[in-house]
Structures are given as C-alpha cells and as structure tokens.
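A look at the structure
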Amino acid sequence: MPTLQLAELTHANRPAQLPLLASLADILATSRAVTHLMVRGSLAHGTADRLSDVDFVVGVHDAQLPAFVKALDDLMSIEAGALLPGWRDTIVADLGGIGMVFLIPDDGRLHQIDLYLVPATHIPRLRATVATASILDREMAPAGPEAALAAERFAGEFLAQPRTCTELLIEHLVLAVLLHKRIKRGQRFVAYSEWHRLHTATKDLIKAALAPASRFWGWYQLREEIAVTPIGRACLADLDAAISGPAVPTAPDVVAAIERMLALVDRACPEALGGLGDAIAAYRTYQELV
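This report concerns the structure included in the present document. Note that the structure is predicted; figures quoted are calculated from it, not measured. (Residues numbered from 1 in each chain as written. Predicted model: local features only at pLDDT ≥ 70, side-chain atom pairs only at ≥ 80, totals over all residues. Heavy atoms only, no water.)

1. Considering empty space enclosed by the protein
Convention followed: Here a cavity denotes a set of grid points, spaced 1 Å apart and computed over the protein atoms alone, in which a 1.4 Å probe fits but from which it cannot get out, and a pocket denotes an open set meeting protein on both sides within 12 Å along at least five of seven lines; residues with an atom within 4 Å of a point are reported as lining. Grid points are joined across faces, edges and corners, and a volume is the space filled by probe spheres set on the points. A run of DSSP states H or I qualifies as a helix once it reaches four residues; a run of E qualifies as a strand once it reaches two. Both are numbered from the N-terminal end. When residues are sorted by character, Ala, Val, Leu, Ile, Met, Phe, Trp, Tyr, Cys and Pro go into the nonpolar class, Asp, Glu, Lys and Arg into the charged class, and all the rest, Gly among them, into the polar class.
With the rule as written, the count across this model stands at one cavity of 30 Å³ or more. Counted as a void, the largest cavity has a volume near 60 Å³. The wall of the largest cavity is formed by Leu 198, His 199, Thr 202, Asp 238, Ala 242, Ala 257, Arg 260, Met 261 and Leu 264. Elements with a minimum of two residues in the lining of the largest cavity: helix H8 (188-210), helix H10 (230-243) and helix H11 (251-268). For the lining of the largest cavity, the leading source of residues is H11, giving four residues. Here the lining of the largest cavity is built from residues that sort into five nonpolar, two polar and two charged.

2. Examining the side chain of Lys 203
Counted only if it meets this: Here's how the labels work: a residue is buried when its accessible area is under 20% of the maximum for its type, exposed when over 50%, partly exposed in between, all with a 1.4 Å probe on protein chains only. Counted as a polar contact is a pair of N or O atoms within 3.5 Å, where, for protein atoms, one must be capable of donating a hydrogen and the other of accepting one, and residues adjacent in sequence contribute only when both atoms are in side chains. Contact between two residues is taken to exist if any of their heavy atoms lie within 4.5 Å; hydrogens are not considered.
In this structure, Lys 203 sits in helix H8. Note on Lys 203: relative accessible area 5%, which makes it buried. Here Asp 204 takes part through its side chain, which lies 2.6 Å from a polar atom of the side chain of Lys 203. Here Lys 203 is in contact with Gly 218, Trp 219, Leu 222 and Leu 239, once residues within four sequence places are set aside.

Any functional reading would require information beyond the geometric quantities listed.
Written out as structure tokens, the structure is:
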C-alpha cells in the first residue's frame, strides 16, 4: 500500500509538461540530421512548475544545419501543432547556435517551446557550460572543418537577417505569453524587462513597415521619419499609448497591447497577417483564458 500511494503521489506531482516533452522529443528525433537532444532549464533541474517552458538543446549535424532550420517551421507546425512560425529568440544567451521559440497548444493552454539549435561540433563545449539532461546521443561521422565553419557562418547570417513585419508580429505574441507567465509568478523585474522588449518590438514593427531603409538607430528620429503620413502619425500615437502605460503590466495591459499591435499591423502592413488569420483567432482564445 505505501508503495502504491508513493507512486500515485509521484504521478500527481510530476510536471504536466512531461507528456508534451516526450512527444516533441520523438518528433525531433525522427530527423536523421539531429545528433543530440538535451533538456535544459527547470525541467532538467527538477524545479519546473505548471508555467515552465519546455527547453531543448538540439544538436544538428553541421552540414545539415541550414536544411534543418529551413524545414523546422513545417516540422513544428505539421507534426507538433505549433500555432505560429518560430520566433528567432533575441533573449537567449549566445551559445554558438540559433534559438527558436514556438507556441504549442496542449492541455488547454499555450506552451512555450524553446529550441536551441547548435551544430553538433559545438555540443562538447556547450555541455561544459550549460546544465542539461541528455535524452539522445546519436553516433554520426564527425563533420570536417569546412562543414563546421559553414555551420557557424550560417548561424551568424541567419540571426543577422532583418526581421520582417510578420516576424515582429510573432515576436509580440511570444513576448505576451512570456509576460503572462511573469505576471502570474510575480516576477516584476523580469516582467518590466520583457514589457520594454514588447514596446521595442512595436517600434521595430513600425519602422519595418514605414521606414525600412531608415539610417537611424533604435528610437532616434522616429517622429521625423514616421510622422509624415496619416498612417505614420496613427502608428506613433499607438506607440505613445504603449509607452505611457505602467512600467510593470497587468494581464489586461498585455492583452490590450496585443490588440493595439494587431490594429497597427492591419493599418500599416496588413500583408504581415497573410495566412495567420486562424492562428491569430486561436491565440485570442487562449488570451481570454489568461
């Protein structure tokens, strides 16, 4: 009887994300380009709560990294049910690879799935600096120096690509999910940081839509460049409303920011919504459950 009770207690208190983690591991492992799968973050440390993201390090054979990255959106959408294309993670530390974030509906809510794609030749160095739990170690012929250099060059060039309006729209949606998590946990300092990132993404979206060839860095000369058309002035009014809000948001503040951003996109770059209508509608449904 005590053994049975202990087993029931263990099962009742296991992280709710484990079935999703196992399913994603199976999906990623089907690709022969994948050489290693490791879990990091709270699920690897045993400190996960019901809000924790699923955080993978994915080792990819150096020569196959470009093809794998190109196919990843389809893989995560078709096989894993990702709501949106992946977001190029601008928050994760540089570990020699590419960070991507996906939002996957499971068990009534949206889960944040972090995939850090790293060339297989970088795995030993990464293991020496990052705490991980390994779930796949696949023996493959080592890549030559040329393939390793090409993989590093590809990762750098991929991350340096200018972000499109669609990517910046997705960035807002991902950051909102992160913010809801911070708010529920009472992590005010992190919420402050990510709230500022969301405002910066709004500024970047306006510039990408209305001043893509801007010569000015960051927030400089916004009014001079943008406020020359009625649409530009309306977009700057939206941005002014965003930055005039509280320094640390509440959940309704985050929802209002997303609705304001979607109206801005519809006004300034409606093509960014192309093909995402159903995904946005589903996202709004999950927002209502916050």
